[in-house]
Amino acid sequence: MSQTKPPRVRFAPSPTGYLHIGGARTALFNWLYARRTGGSFILRIEDTDQERSSESSYQAILDSMQWLGLTWDEGPAVGGPHGPYRQTERIALYREFAERLIATGKAYRCICTKEQLDVLRKESEARKRPFRYPGTCRNRRDIPADVPHAVRFITPTEGAIGFDDLVKGNISVQATEMQDEILLRSDGMPLYNFGAVVDDVTMGITLVARGDDHVINTPRQVLMYQALGYEVPRFAHLPMILGADKTRLSKRHGAVSVLQYRDEGYLPEALLNYLARLGWSSGDQEVFTIDELIQKFDWVDCGHNAGVFNPEKLRWVNAEHLKKRSPKEMGDLIEPRFRARGFDAGSRERLDSIAVLFRERARTLLELEESAAFLFKMPAYDPAGVAKFITPAIAPAMDELLALLPGVTPFNHDGIKPVFEGLLAKHNLKMVALAQACRVSISGTTVSPPIFEVMEILGKDETLARLKAGRAIIAV
RNA sequence: GUCCCUGUCGUCUAGCCCGGCCUAGGACAUUGCCCUUUCAAGGCAGUAACACGGGUUCAAAUCCCGUCAGGGACGCCA
């Protein structure tokens, strides 16, 4: 019957660092599912680890989500009927739920200190036995509510706890593998498992999708839902994303922050497209628009095994999406980046043209800017290019080109081309010889977009000036 | 160590649930060729995988068992 209500899913990062690739994918899958089903996507900040949480991380996460376009229906900045959406602002709630469990005999107060337990933990480790809380306080009823204490959950000592995972299928864990979990720390902060459960029930979450590093937590949480008397939501656990060395993705593997991909000139839809295909597929399709992703996404099509992050393929996907953007959009994308570099395109129309002309050989906006830089400031000549193409043999043709170009109108591809062709025939030259001599003169290098287009976009005066300077390299 | 999950080209994956259409398909990367004013892009062709061992079956990448390998979890972290 809960199937008839629109789904409510959430993404619940902790602000202990930037939003990384793995988190972004979890957020994406939740978001896609909510958008396809007409459900709600909730953003919740799990900041109960006050040691490691920071305001700047919180901001970075929000910025990342916004840049990716993963809009949330409820959460920080937008509010909603189940707020607040930061766990540190919900402390009273966890206390209330914990007391309720104590009152019904499903949890108890515990005054064992971390230090005492660490000693026991060490011993277990030394004996190569798994550590379990020995239950020291489990049956004590003499611990008053006003001394510092943690609250522990009473975990059954036998039987198996299972759940049906939407991507992994049936998973079941023996009760003997679990222990009396801490619900509330002695400072009143909830632990992950408890905070998540309390929030998920009070926020009406119907499906919990997260990384599969949480699989083992799920049975404990199922127990908590039951103890609290709530319906257990559905679960979907996504496989991890690994680095090239098949270990968990981290800084060692290069860029992992979403914002860094933005800065390096990736398009949000490209990053999302790539992330979606890492761990999910829809037949043989590789390139998707966001709308297609929304339409086609489903948990059953998620893979079961961890995937290696492949930056090369991301670049390819990015190039594909770059080609889909309109000239106007390309201009919008490149405008702030040009400004930051001090590149002045002069007019908006020219800016758009530059973006379109250079994107063909760029996989990221960063590559685009770098390859277009010569338009704004003549770089040093590539010595090898000069040696190979700016030779005495080409001098006569260049001289003549210099004489003819001023009279060319319009100064564009169609106007310039016939001039070159005439010269080629007259001097018995190949196009490559003259074009490369011009290219090196104009861009400093042997690589650029088609040279007539480059001349057009550079303008007649600047083209002539650079050609003259190039011609002057040739002795005589 | 214990428990959980996973194992198809170098990488992401299709196929697996409902064995035969799989001499295992696609994509990135890579190699060669074509196109070409350079470099890209594009086109064409190629190299390249069912972890291993047992079963079940007329038939197994697909079902079962074991081994091995990888990942994850074993916190008053999330």
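Since this is a predicted model, take the numbers as computed values, not measurements.

Trainee: Got a minute to help me understand the packing of aromatic side chains in this structure?
Mentor: How two aromatic rings sit relative to each other is set out by the distance from centre to centre and by the angle between their planes. Scanning the model with the defined rule gives 16 aromatic pairs in all. Each ring, one from Y33 and one from W299, has its centre 5.5 Å from the other, and the planes form 50°; the classification is tilted. Of the two residues, Y33 is situated in helix α1 (residues 21–37) and W299 in the loop between α9 (290–296) and β11 (307–308); the sequence distance between them amounts to 266 residues. What makes Y33 buried here is its relative accessible area of 6%. Summarising the aromatic geometry, the rings of Y274 and F309 are spaced 5.4 Å apart at their centres and angled 90° between planes, so their arrangement reads as edge-to-face. Here F309 lies in the loop between β11 and α10 (311–324) and Y274 lies in helix α8 (residues 268–277), a separation of 35 residues in the sequence. Residues Y274 and F309 agree in their burial class; the two are buried. Site record: aromatic cluster; members linked through ring pairs are F29, Y33, W280, F288, F297 and W299.

Trainee: Sorry if this is basic, but what is going on with the protein's contact with RNA strand B here?
Mentor: Not every one of the 60 residues close to RNA strand B is listed here, only the nearest: T48, D49, C112, R185 and R361. The share of sugar and phosphate among atoms of RNA strand B within 4 Å of the protein is 71%. For the surface near RNA strand B, the elements supplying multiple residues, two or more each, are α4 (114–126), β11, α10, α17 (431–443) and α18 (451–458). Class assignment of the residues belonging to the surface near RNA strand B gives a composition of 20 nonpolar, 17 polar and 23 charged.

Trainee: Just checking my understanding: could you explain the pairing of strand β8 (residues 207–211) for this structure?
Mentor: In summary, the side chains of a regular strand alternate between the two faces of the sheet. Here β8 lies mainly inside the structure; five of its five residues are buried. The pairing of β8 with strand β9 (residues 234–238) spans five bridges and is parallel. Counterpart to L207 in the pairing with β9 is R234. With helix α6 (residues 218–228) bridging β8 and the parallel β9, this β-α-β connection has right-handed handedness.

Trainee: Explanation requested: the environment of R52 in the structure shown.
Mentor: Locating R52 in the fold gives a position in the loop between β2 (40–43) and α2 (55–68). Sequence separation of R52 and E360 is 308 residues, and the distance between their C-alpha atoms is 44 Å. In this view, R52 contacts P15 and T16; residues no more than four positions away in its chain are not counted. Of note is the side chain of R52, whose polar atom sits 2.8 Å from the side chain of D49.

Trainee: Can you help me understand the nonpolar core in this one?
Mentor: Side chains that are nonpolar tend, in soluble globular proteins, to be buried together. Counting 101 residues, the largest nonpolar core has F29, M65, W299, F309 and L434 as the members making the most contacts within it. Ranked by the residues each element gives to this core, the list is headed by α1, at nine residues. Excluding its chain neighbours within four sequence positions, the residues that come into contact with W299 are F29, N30, Y33, L166, V167, L207, A209, A236 and L238.

Trainee: For this particular structure, what's the right way to read the side chain of R439?
Mentor: Of note, R439 is situated in helix α17. At 2.6 Å, the side chain of R439 and the side chain of Q436 are in polar contact. A polar atom in the side chain of R439 sits 2.9 Å from the side chain of S448. Leave out the neighbours within four places in its chain, and R439 touches G444, T445, T446, V447, S448, P449, P450 and I451.

Reading the values: the criteria
- Residues numbered from 1 in each chain as written.
- Chains lettered and ligands numbered in written order.
- Predicted model: local features only at pLDDT ≥ 70, side-chain atom pairs only at ≥ 80, totals over all residues.
- Heavy atoms only, no water.
- Phe/Tyr/Trp six-rings, centres within 6.5 Å; stacked < 30°, edge-to-face > 60°.
- Helix = DSSP H or I, 4+ residues; strand = E, 2+ residues; numbered from the N terminus.
- Buried < 20%, exposed > 50% of the residue type's maximum accessible area, 1.4 Å probe, protein only.
- Near = heavy atom within 4 Å.
- Nonpolar A, V, L, I, M, F, W, Y, C, P; charged D, E, K, R; others polar.
- Pairing = 2+ DSSP bridges.
- Right-handed = clockwise from strand over helix to strand, strands pointing away.
- Contact = heavy atoms within 4.5 Å.
- Polar contact = N/O pair within 3.5 Å; in protein donor to acceptor, adjacent residues only side chain to side chain.
- Core = buried A, V, L, I, M, F, W, Y, C linked by side-chain atoms within 4.5 Å.

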